Amino acid sequence: MKEIPKAYDSVLEKNIYEKWEKSGYFSPEKVEEYLNEKNFEIKKPFVISLPPPNANGVLHLGNTCGYSFHDLLGRFYRMRGYPTLLLPGKDHAGIQTETVFVKILREKGNEKKDLGREKFYKQCYEFCINAAENARNEEKRTGLSADWNREFFTLDPKLTSTVYSTFEKMFKEKLVYRGKRIINFCTNCSTALADIDTTHEHRRGIFAYIRYPFVDKKLGKGIVVATTRPETMLGDTAVAVHPDDKRYKKFVGEKILIPIANREIPIIADRSVDMELGGGAVKVTPAHSPIDFEIGLKHNLEVLNVIDEKGLMTGPIPKKYVGMETIACSKELVKDLDEMGLLEKIEKIDHEVVICERCDTAIQPMVSYQWFVDTKPLAKKALSILEKKETEVLPRGQMKSLQNFYEQIEPWCISRQLWWGHRIPIWYKGGKKKYDESLENPEQKVETEAIFSIESPGEGYEQETDVFDTWFSSGQWPFSTLQNGKTGDFEKYYPTDVMIHGRDILFWWSARMIMLGLYRTGNTPFSKVFVTGMILAPDGSKMSKSRDNTVSPQSIIEKYGADALRLWYYTDSLAGANAPLREEKIKGNRFFVNKIWNASRFVLMNIDDKSIDEVKKYLGKNNFEGEWVKHTKEFEKEIENYVLDYKFHLAAERIREFFWHIFCDEWIEKVKKDATSENLALLVYILKRTLKTMHPFIPFITESVWQELVKLSLAEEMLIIRQKEVV
RNA sequence: GGGCGACUAGCUCAGUUGGAUAGAGCAUCACAUCGACACUGUGAAGGUCAUAGGUUCGAAUCCUAUGUCGCCCACCA
């Protein structure tokens, strides 16, 4: 057996993967066929919809972390007689991909708008399909035993038809509507964003105290309002004070003048005003502040848009300021006010700013017409599913977070002003503008309507230009893929068993999948959500391109092998805890993988040409017993229970302990002193059982060793399909 | 402001329903030196389980406060 190399080389992993792929066992039908042939019981299918990574680039450590768990479960069930389907895909990732692709175009000297919508879409589609190839290879490199014949791209026309029919149903049932609300607008990405697509950040800012004079000079010098965004004063339509505020009570109902803009606005009373803050009076700009928008609704205030979608000043304001950027305008106003003696003071403050999730640009709150999903009734049903435990979230703390999210859910803005995505299938009679105007003035009878249609409904209709929020389509992933795949897939494989992803997308994704899954199929899309921890940079900070601290899964796999990386995930990536990358640990895991290789090598090297027949004879009898066998079977049971309990970290720890410190350090050492054919056969027997137990966790090394056994006719088939019942 | 979670060895974390001397990996130290594996073996050191109370025969584990640190949600002008 001298030809067995001394160290396990993880480069071999590629060959092993090819072997699996060729076998066809990634397909549940093929597994069924096998079970049939061998007369094994065929259990109910085990199914996971794999989270589709962005098609536009490379995988990150978070993607491969999830796959390690998906694949572990998939292999575990496949080896136990469950036809197993891990359904892969790629996500079009709306804003992100559009941004990436626009940049690529620009590098080639092309502009998005010059290409035009259709060409842009087509080229971006091609770009994604090509990039997906890359991502797919990386997925394979982690050992993911997915059924590649069923892979879907989220913009595949088949999936689009499902997304459209969901929208149609919602449209008919009035669960989606076109509404005028204050939304988050990212001036850099040029699109509206849902609340959840934004994040908060501490930034330095100013707090300016500005005096608004009374219209009736007899009342006094006026009221001082404080603001972090002076430029919005041009869009003020009221000044609000607290109704119990003794200082201002008497002015409620009076008129006040916005300086510079020279507009008269009312003084109103509202309980939401904080008497302590900034002098107790607040300027109200319904068009550009969410809280002011609410106040505006309550008091029936006018909404005056003074900032446009590029972040420039606009509207009925003094000409001087039109077209200025907001910050420049703010500075100019402050200067002008100071000259007029109306600027009381400016404080420098540190405050929370809402920024775009994707590009960190400060969000411009804006009032505009968008498409919204009325999420409340959907969330209510989702909540009851959680209460009935039809879907369980692990760990429990995440379950509470999800409940909390559903309880406080707000309407979901699903329209995005992009080209890359599913174009919203709505046509406006007489044009979009006319339709929105009709919403503005419902009392006026105007000949217009918005109708659902995929194709043009005829003359005089204008097509909606917006696309859906990416999550509106990925929220339908578990059923859209199964409804549009092979005939019968949906009936056979839906609902799926478990959803596994990182903590960061629980609300974006699982929350939406549960709501939309229930809405379209009546069933929760999965009975369990397993939330993994977040992979962080070694120093505990987030990995991000801007910080230049990203580590690619590929670089880790090249260095240590996929098995070593997987083992690390099982122990360190537990939800609740973050997982700063620890290369030393992954390295330690590689040592373990090598240990398995060498232990096996030792056993095989001791079986020479003379003894091999005897060993086979003992194996054939298959009547091993004693302490070691008993212990091995207990170990198998333990691992099985840990997996069923989702205690992967305990399983991984136990595997190492058993194989290294019991099998190697004790048992092999003993056999060394008494290497009879019978004892060697016993070791082979235990090794085979143990390889099977370990396979779902570390598929490559275990299959590699198994194939060495096959070469000597000490084992058969492939470990990937080898059933639990047979050794 | 609301929610969730964490605090255990130098570091990253385990520790199931409360039960004997609190564990692992990595790092450290000593010894062994190529005989499956130096990607090794044997052994050692290392902890008032954040703090203070309480429940209990018994608490890292349950309860109550306190502190520190994360994360998420939220309209503080």
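Computed from a prediction, not measured in an experiment: that's the story for all the values here. (Residues numbered from 1 in each chain as written. Chains lettered and ligands numbered in written order. Predicted model: local features only at pLDDT ≥ 70, side-chain atom pairs only at ≥ 80, totals over all residues. Heavy atoms only, no water.)

Asker: Describe the protein's contact with RNA strand B, naming the residues involved and giving the relevant values.
Answerer: For RNA strand B, the set of nearby residues contains 45 residues, the closest of which are Asp274, Ile291, Phe591, Arg601 and Trp660. Put simply, 64% of the atoms of RNA strand B that lie within 4 Å of the protein are in sugar or phosphate. Ala599 places a polar main-chain atom, nitrogen or oxygen, 3.2 Å from a base nitrogen of RNA strand B. Contacts to RNA strand B include Arg601, whose side-chain N or O atom sits 2.4 Å from a sugar or linking oxygen. Elements with a minimum of two residues in the surface near RNA strand B: β7 (198-212), α8 (290-299), β13 (343-356), α11 (396-407), α19 (583-606) and α22 (648-673). (Near = heavy atom within 4 Å. Polar contact = N/O pair within 3.5 Å; in protein donor to acceptor, adjacent residues only side chain to side chain. Helix = DSSP H or I, 4+ residues; strand = E, 2+ residues; numbered from the N terminus.)

Asker: So, the sheet that holds strand β9 (residues 238-241): which residues are in play, and what are the values?
Answerer: Strand order in the open sheet formed by four strands is β10-β11-β9-β12, with mixed pairing between adjacent strands. At either margin of the open sheet sits one strand with a lone partner, and together these are β10 (255-258) and β12 (281-284). Taking each pair of neighbouring strands and ignoring which way they run, the sheet shows an average axis angle of 35 degrees. Looking at chain direction, β9 and strand β11 (residues 263-269) are connected through three bridges and run parallel. Paired with Val241 across the two strands is Ala269, which belongs to β11. (Pairing = 2+ DSSP bridges. Axes fitted to C-alpha atoms, helices over the stretch in contact; angles between N-to-C directions.)

Asker: Break down the confidence of the model for chain A for me, citing the residues and quoting the values.
Answerer: Chain-level statistics for chain A give a pLDDT mean of 88 and a share of 99% at 70 or above. Note on the complex model: pTM 0.88, ipTM 0.89. (pLDDT = per-residue confidence, 0-100.)

Asker: Describe the pattern of salt bridges, listing the residues and the values that go with them.
Answerer: Evaluation of the coordinates by the stated rule reveals 48 salt bridges. Between Asp489 and Arg150 there is a salt bridge, with the nearest N and O atoms lying 2.8 Å from each other. In this pair, Asp489 is assigned in helix α15 (residues 489-493) and Arg150 in the loop between α6 (117-141) and β4 (152-153), connecting sequence segments 339 residues apart. Assigned by exposure class, Asp489 and Arg150 land together as buried. Measuring nitrogen to oxygen at the nearest pair gives 3.0 Å for the salt bridge that ties Glu583 to Lys559. Residue Glu583 is found in helix α19, and its partner Lys559 is found in helix α17 (residues 553-560); the two are separated by 24 residues along the sequence. On the basis of relative accessibility, which here comes to 26%, the residue Glu583 falls in the partly exposed class. (Salt bridge = Lys/Arg side-chain N within 4 Å of Asp/Glu carboxyl O. Buried < 20%, exposed > 50% of the residue type's maximum accessible area, 1.4 Å probe, protein only.)

Asker: Outline the packing of helix α10 (residues 375-387) against α11, supporting the account with residue identities and numerical values.
Answerer: Each pair of packed helices can be summarised by the angle the axes make with each other and by the distance between the axes. Put simply, α10 and α11 touch, their axes get as near as 9 Å, and they point 155 degrees apart. As the angle between them shows, α10 and α11 are arranged roughly antiparallel. The way α10 lies across α11 gives a crossing that is left-handed. The segment α10 lies against α11, with Ala379, Ala382, Leu383 and Leu386 engaging Met399, Leu402, Gln403, Tyr406 and Glu407. (Parallel < 35°, antiparallel > 145°, perpendicular 65-115°, else oblique. Left-handed = near helix turned anticlockwise from the far one by under 90°. Contact = heavy atoms within 4.5 Å.)

Asker: With reference to specific residues and values, describe a negative patch on the surface.
Answerer: A cluster of acidic residues, Glu653, Glu657, Asp665 and Glu666, forms a negative patch at the surface. Its location among the elements puts Asp665 in helix α22. Taking relative accessible area as the criterion, Asp665 reaches 36% and is therefore assigned partly exposed. (Patch = residues over 30% accessible without salt bridge, like charges linked within 9 Å, V, L, I, M, F, W, Y side chains within 5 Å. Areas by Shrake-Rupley, 256 points an atom, 1.4 Å probe, with all protein chains shown as cover. Lys, Arg positive; Asp, Glu negative; His and termini not counted. Charge placed at Lys NZ, Arg CZ, Asp CG, Glu CD.)

Asker: Lay out the environment of Ile95 with the relevant residues and their values.
Answerer: With respect to the helices and strands, the residue Ile95 is situated in helix α4 (residues 94-107). A residue is classified by how much of its surface remains accessible, and Ile95, at 11% relative accessible area, is buried. Separated by 577 residues in the primary sequence, Ile95 and Lys672 have C-alpha atoms spaced 62 Å apart. Discounting residues that sit within four places of it in the chain, Ile95 has contacts with Cys189, Thr191, Leu193, Arg358, Leu418 and Thr470.

Asker: Just give me the short version of the sheet that holds strand β18 (residues 426-429), but keep the residues and values in it.
Answerer: Taken in spatial order, the three strands make up an open sheet running β19-β18-β20, and their pairing is antiparallel. Strands at the two margins of the open sheet, each flanked by one partner only, are β19 (450-452) and β20 (461-463). The mean angle between the axes of side-by-side strands here comes to 35 degrees, regardless of whether they run parallel or antiparallel. As judged from the three bridges shared by β18 and β20, these two strands associate in the antiparallel manner. Residue pairing for β20: Tyr428 is matched across the bridge by Glu462. Its contacts with the sheet place helix α7 (residues 157-172) against β18 and β19, and it is angled at close to 135 degrees to β19.

Asker: Can you lay out the packing of aromatic side chains for me, pointing to particular residues and giving the numbers?
Answerer: The description of an aromatic ring pair rests on the distance of the ring centres and on the angle between the ring planes. On inspection of all chains with the given rule, the structure shows 47 aromatic pairs. Consider the rings of Phe153 and Trp420, whose centres lie 6.5 Å apart with planes at 35 degrees: the pair is tilted. Pair noted here: Phe153 is in strand β4 and Trp420 is in the loop between β17 (415-416) and β18, with a separation of 267 residues, a long-range link. Here Phe153 and Trp420 have matching classes, each one buried. (Phe/Tyr/Trp six-rings, centres within 6.5 Å; stacked < 30°, edge-to-face > 60°.)

Asker: Provide a residue-level description of α10, including the pertinent values.
Answerer: The end-to-end C-alpha distance of α10 is 18 Å, a good match for the 18 Å that 13 residues give at a rise of 1.5 Å each. For α10, the set of buried residues is Thr375, Leu378, Ala379, Ala382, Leu383, Ile385 and Leu386. Looking straight down α10, one finds that the buried residues subtend no more than 155 degrees of arc, so they occupy a single side. Across from the buried face of α10, at angles greater than 90 degrees, the exposed residues are Lys380, Lys381 and Glu387. Elements that come into contact with the buried residues of α10 comprise α7, β14 (364-373), β15 (392-394), α11, β16 (412-413) and α16 (506-521). Directly beyond the C-terminal end of α10, a positive phi value near 65 degrees is found at Lys389. (Expected span 1.5 Å × (residues − 1). Arc of directions from axis to C-beta.)

Asker: If you had to explain the packing of helix α1 (residues 13-23) against helix α24 (residues 699-711) to someone new, which residues and values would you point to?
Answerer: Running from N to C, α1 and α24 cross one another at 80 degrees; their axes reach a closest spacing of 10 Å. Comparing their axes, α24 and α1 come out roughly perpendicular. Along the contact surface, α1 presents Glu13, Ile16, Tyr17, Lys19 and Trp20, while α24 presents Pro699, Phe700, Glu703, Ser704 and Gln707. A breakdown of the residues in the contact of α1 with α24 according to their chemical character gives five nonpolar, two polar and three charged. (Nonpolar A, V, L, I, M, F, W, Y, C, P; charged D, E, K, R; others polar.)

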